[in-house]
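One-letter residues, chain by chain:
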Amino acid sequence: MNKIVIAIDGYSSSGKSTMARELARRIGYVYVDSGAMYRAVTLYAIEHGMAKDGKVDSNALVAALPEIKISFEPAGADGVQHTLLNGRDVEREIRDMQVSSLVSPVAVIPEVREHLVKLQQEAGKHKGIVMDGRDIGTTVFPDAEMKVFVDASPEVRAERRLKELEAKGENVNYEEVLANIKERDHIDSTREVSPLRKASDAHVLDNDHMNHKQQMQWLLDLYNVIINE
Ligand code: CDP
């Protein structure tokens, strides 16, 4: 069967990553979490004193880009694919609030985007890939055969993210998480380079009132229609 490219974009904490990962597993495709790449670059910036208090030293970070190597380790016993920054497993650190609060300012830097988009396009060269992010259907793979745009209200997304962070033992409150989500929505959709927007040919999945199983079925149905076209 012909392999295709599947682009899943949407707002922060809309559940894209979980559904993209599971879809990839079900159909035997490679999964790439593009947000993890922006998060890994952000962690590098924090650890090298280039980002703090909501500000990023973009000149220093751009100069350091050639030194930042990002790779993925296939899912292990925990079923989660791990992100490696210069060979070090940073899967846990890149999800914390410190990284979340600085990742959108890092992701507006055009050179950072250019660098990561190239790596993402390289990963999709042979198709058979599911990638999730903000600009996958618009910039990274404008010709993707299947494009999905996931939407859900900020409040529903904040509740989901809060549960996730609490499960990891992070001490955060609902207001803080909601504020971070709204702030990232704003930065992500108003930035100049590759803003978050629905590709004109994307299928919208509004999952406010959908459970996990219904969502998966929706994706698999769409995949089957497209693959048989
Ligand atoms: O998991 P969550 O929805 O919170 O976000 P993510 O997918 O991990 O992405 C984190 C941040 O990286 C986003 O808020 C964007 O600022 C940025 N990002 C981006 O600009 N372009 C992408 N393709 C993916 C993420």
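Report on the accompanying structure. These numbers come from a predicted model, not from an experiment.

**Notes on the overall build of the protein chain**
Argument step 1. Of the regular secondary structure elements, the protein chain holds nine helices and 10 strands.
Argument step 2. At 17 Å, the protein chain has a C-alpha radius of gyration in line with the 17 Å of a compact globule built from 229 residues.
Argument step 3. Along the first, second and third principal axes, the C-alpha set of the protein chain runs to 50 × 40 × 35 Å.
Argument step 4. By residue count, 49% of the 229 residues in the protein chain fall in the buried class.
Argument step 5. Across the protein chain, every contact between residues at least 6 apart in sequence was considered, and the portion connecting residues at least 24 apart equals 72%.
Argument step 6. On the protein chain, roughly 11200 Å² of surface is accessible, and the fraction owed to carbon and sulfur atoms is 50%.
Argument step 7. In the protein chain, 29 positive and 37 negative side-chain charges are present, and the distance between their average locations comes to 2 Å.

**Describing helix 9 (residues 212-227)**
Argument step 1. Its 16 residues give helix 9 an end-to-end C-alpha distance of 22 Å, which sits within 8% of 22 Å, the value for a rise of 1.5 Å per residue.
Argument step 2. Along helix 9, the residues classified as buried are Q215, M216, L219, L220, L222, Y223, I226 and I227. Down the axis of helix 9, the buried set is contained in an arc of 160°. They therefore lie on one face.
Argument step 3. As for helix 9, its buried residues are in contact with strand 1 (5-10), helix 1 (16-27), strand 9 (146-151) and strand 10 (203-206).

**Focus on the site of the ligand**
Argument step 1. Of all residues adjacent to the ligand, which total 19 residues, the nearest are S13, R39, R113, D135 and D188.
Argument step 2. In this structure, S34 approaches the ligand through a side-chain N or O atom, which is 3.0 Å from a nitrogen atom.
Argument step 3. Interatomic distance of 3.1 Å between a side-chain N/O atom of R134 and an oxygen atom of the ligand.
Argument step 4. Considering the ligand on its own, with 530 Å² of exposed area, one finds that the protein chains cover 99% of that surface.
Argument step 5. The element that contributes the greatest number of residues to the shell around the ligand is helix 2 (residues 34-47), accounting for four residues.
Argument step 6. Within the shell around the ligand, the residues separate by chemical class into four nonpolar, six polar and nine charged.

**Overview of the layout of surface pockets**
Argument step 1. Estimated volume of the largest pocket: approximately 810 Å³.
Argument step 2. Around the largest pocket sit 37 residues that line it, and S13, S17, R95, R161 and E164 are the ones nearest its centre.
Argument step 3. Sorting the residues of the lining of the largest pocket by element identifies helix 1, helix 2, helix 4 (97-107), strand 8 (129-133), helix 7 (154-167), helix 8 (174-190) and helix 9 as the ones contributing at least two each.
Argument step 4. Per-element accounting of the lining of the largest pocket gives the leading share, five residues, to helix 2.

**Points about the nonpolar core**
Argument step 1. Residues V41, L61, I68 and V112 are the most contacted members of the largest nonpolar core, which totals 37 residues.
Argument step 2. Within the residue set of this core, elements represented by two or more residues are strand 1, helix 2, helix 3 (58-64), helix 4, helix 5 (110-123), strand 8 and helix 6 (136-140).
Argument step 3. A total of nine residues in this core trace back to one element, the largest contributor, which is helix 2.
Argument step 4. With sequence-adjacent residues up to four places away left out, V112 is seen in contact with Y38, V41, L61, L65 and V106.
Argument step 5. Y29, L205, M216 and L222 belong to the second largest nonpolar core, which has 22 residues in total.

**A look at the sheet that holds strand 1**
Argument step 1. Spatially, the five strands line up as an open sheet ordered 2-8-1-9-10, and their pairing is parallel. Every other strand in the sheet has two partners, leaving strand 2 (30-33) and strand 10 as the edge strands with one partner each. Across the sheet, the mean angle from the axis of one strand to that of its neighbour is 20°, orientation sign disregarded.

**Observations regarding the pairing of strand 8**
Argument step 1. Where burial is concerned, most of strand 8 is hidden: five out of the five residues are buried.
Argument step 2. In terms of strand pairing, strand 1 meets strand 8 through five bridges, oriented parallel. Bridging across to strand 8, A7 finds its partner in M131.

**A word on the side chain of D135**
Argument step 1. Topologically, D135 is positioned in the loop between strand 8 and helix 6.
Argument step 2. The class of D135 is buried, set by a relative accessible area of 1%.
Argument step 3. Once residues lying within four places of it in the same chain are set aside, the contact partners of D135 are D9, Y38, R113, V117, V140 and S194.

**A few points about the sheet that holds strand 5 (residues 70-73)**
Argument step 1. Across the sheet, three strands lie side by side as 5-6-7; this open sheet has antiparallel pairing. Sheet topology places strand 5 and strand 7 (88-89) at the edges, where each strand pairs with a single neighbour.
Argument step 2. Contacting strand 5, strand 6 (82-85) and strand 7, helix 2 runs over the sheet at an angle of about 40° to strand 6.

About the cut-offs
Residues numbered from 1 in each chain as written. Predicted model: local features only at pLDDT ≥ 70, side-chain atom pairs only at ≥ 80, totals over all residues. Heavy atoms only, no water. Helix = DSSP H or I, 4+ residues; strand = E, 2+ residues; numbered from the N terminus. Rg over C-alpha atoms; globule rule 2.2 N^0.38 Å. Buried < 20%, exposed > 50% of the residue type's maximum accessible area, 1.4 Å probe, protein only. Contact = heavy atoms within 4.5 Å. Areas by Shrake-Rupley, 256 points an atom, 1.4 Å probe, with all protein chains shown as cover. Lys, Arg positive; Asp, Glu negative; His and termini not counted. Charge placed at Lys NZ, Arg CZ, Asp CG, Glu CD. Expected span 1.5 Å × (residues − 1). Arc of directions from axis to C-beta. Near = heavy atom within 4 Å. Polar contact = N/O pair within 3.5 Å; in protein donor to acceptor, adjacent residues only side chain to side chain. Nonpolar A, V, L, I, M, F, W, Y, C, P; charged D, E, K, R; others polar. 1 Å grid on protein atoms, 1.4 Å probe; cavity = no way out; pocket = protein on both sides within 12 Å on 5 of 7 lines; lining within 4 Å. Points joined across faces, edges and corners; volume = space filled by probe spheres on them. Core = buried A, V, L, I, M, F, W, Y, C linked by side-chain atoms within 4.5 Å. Pairing = 2+ DSSP bridges. Axes fitted to C-alpha atoms, helices over the stretch in contact; angles between N-to-C directions.

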